[in-house]
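# Overview (structure and organization)
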Amino acid sequence: MCGIVGLHLREPSLEPRLGELLTAMLGQVVERGPDSAGVAVYGDPRLSPPGRIVVSLLGTSKAEVEAALPGVRAYDADATTVAHTDAASVAAALPGARVIGTGEGFAVLKGTGNPAALAESFGLAGVSGWQGVGHTRMATESAVTPEGAHPFSVGPGQCLVHNGSFANHATIRRELRAQGIEFDSENDSEVGARFVAHQLERGADPEKALRLLCERFDGFYTLLVSTSDSFAVVRDAIACKPALVAETDAWVAMASEYRALDVLPGIEDARIFEPEPEEVYVWRR
Ligand SMILES: NC(=O)CC[C@H](N)C(=O)O
């Protein structure tokens, strides 16, 4: 199993409600992934003030960050700490902290345990923004740790969540390592995130990066991949894992199950469809 939810807002008046809607969506996929959960939030002014790089961290705390980096503000959200500074400053001052996301207007929060309790300790319901992605994990490929929780964010403003398991992830991990790419976990989904980030860095757009992923990865996957201006969905060749997309003039949403879409305002008028196997769907801001 594993549960995915994502919401890309087109209607700015809904932005103050992003966290409330994402919390309700996540609450509908708790049973699909009771081990851990995580979210990526785009545009919350408290977590990520406009125009500033922020860094999401594991293995530290607000108190440690603020003591080690005078003048830097930080927020604790369960196992995660979001610090209003860049990764280089954190690496120099707090070598034990692990970066799980960085970018402008972008924060990643993750932890282990019941997803509904995690949403509460993230303060998710109070978050605002223009795009959010959430995941509930039932581990298949690596230990249940905050590092193994999704989203995997390995490039600026990028986020990948995965339902399924990649069959050839060890081979692709070796190939990426040979190109100098380093990994933070043993998780198969991290290999997908590193592959996509590598393609984006080489100039591919999200559509091309995900088409290349379909060519290279074997196994089962429904993926939701977002960047600081896009929201994309792709499924494996036999569409083994469930996925539904709903679209209105006010938003685009994706979820593993319909009941997570049913909480959204205007769902009765939405265009709802199941993404086709190996077809890449991309929405842009
Ligand atoms: N159940 C799943 O979909 C698991 C996703 C991924 N393989 C993980 O272990 O994190």
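These figures come from a predicted structure and were not determined experimentally.

### Considering the site of the ligand
For the ligand, the set of nearby residues contains 14 residues, the closest of which are Met1, Cys2, Arg137, Met138 and Gly164. Between the ligand and Arg137, the relevant distance is 2.6 Å, taken from an oxygen atom to a side-chain nitrogen or oxygen of the residue. Between an oxygen atom of the ligand and a side-chain N or O atom of Asn163, the distance comes to 2.9 Å. Contact with the protein chains hides 99% of the accessible area of the ligand, taken as 300 Å² for the molecule alone. Looking at which element gives the most residues to the shell around the ligand, the answer is strand β9 (residues 159–166), with three residues. Class assignment of the residues belonging to the shell around the ligand gives a composition of four nonpolar, seven polar and three charged.

### Description of helix α4 (residues 115–122)
What α4 keeps buried is the set Pro115, Leu118, Ala119 and Phe122. In an axial view of α4, the angular spread of the buried residues amounts to 105°, which keeps them on one side of the axis. Check the buried side of α4 and you find it contacts α1 (18–27), β2 (36–42), β4 (74–77), β7 (106–112) and β8 (131–137). In this structure Asn114 caps α4, since a side-chain oxygen of it lies 2.8 Å from the backbone nitrogen of Ala116. One or two steps after α4, the chain reaches Gly123, where phi turns positive at roughly 65°.

### Observations regarding the nonpolar core
The biggest cluster of nonpolar side chains holds 35 residues, and the ones touching the most others in it are Val5, Leu7, Met25, Leu124, Trp251, Leu261 and Leu264. Here the element with the most residues in this core is α1; it accounts for five residues. What Leu261 contacts, discounting residues up to four positions off in sequence, is Met25, Leu244, Ala246, Ala253, Met254, Ala255 and Ile267.

### Some points on the sheet that holds strand β3 (residues 53–58)
Here four strands make up an open sheet; going across it, the order is β4-β5-β3-β6 and the pairing antiparallel. Among the strands making up the open sheet, the edge pair consists of β4 and β6 (98–104). Put simply, the sheet's adjacent strands are angled 20° from each other on average, direction ignored. Relative to strand β5 (residues 80–83), β4 runs antiparallel, the two sharing four bridges. Each bridged residue has a counterpart across the sheet, and for Asp76 the counterpart in β5 is Thr81.

### Considering the UniProt feature "domain: Glutamine amidotransferase type-2" (unreviewed entry) in the protein
Mapped onto this structure's residue numbering, the UniProt feature "domain: Glutamine amidotransferase type-2" (unreviewed entry) falls at residues 2–285. Counting secondary structure, residues 2–285 comes out at 25% helix and 31% strand; the distance between its end C-alpha atoms is 27 Å.

Quick notes on the rules
Residues numbered from 1 in each chain as written. Predicted model: local features only at pLDDT ≥ 70, side-chain atom pairs only at ≥ 80, totals over all residues. Heavy atoms only, no water. Near = heavy atom within 4 Å. Polar contact = N/O pair within 3.5 Å; in protein donor to acceptor, adjacent residues only side chain to side chain. Areas by Shrake-Rupley, 256 points an atom, 1.4 Å probe, with all protein chains shown as cover. Helix = DSSP H or I, 4+ residues; strand = E, 2+ residues; numbered from the N terminus. Nonpolar A, V, L, I, M, F, W, Y, C, P; charged D, E, K, R; others polar. Buried < 20%, exposed > 50% of the residue type's maximum accessible area, 1.4 Å probe, protein only. Arc of directions from axis to C-beta. Contact = heavy atoms within 4.5 Å. Core = buried A, V, L, I, M, F, W, Y, C linked by side-chain atoms within 4.5 Å. Pairing = 2+ DSSP bridges. Axes fitted to C-alpha atoms, helices over the stretch in contact; angles between N-to-C directions. UniProt positions renumbered as here; feature names shortened; annotations may be inferred.

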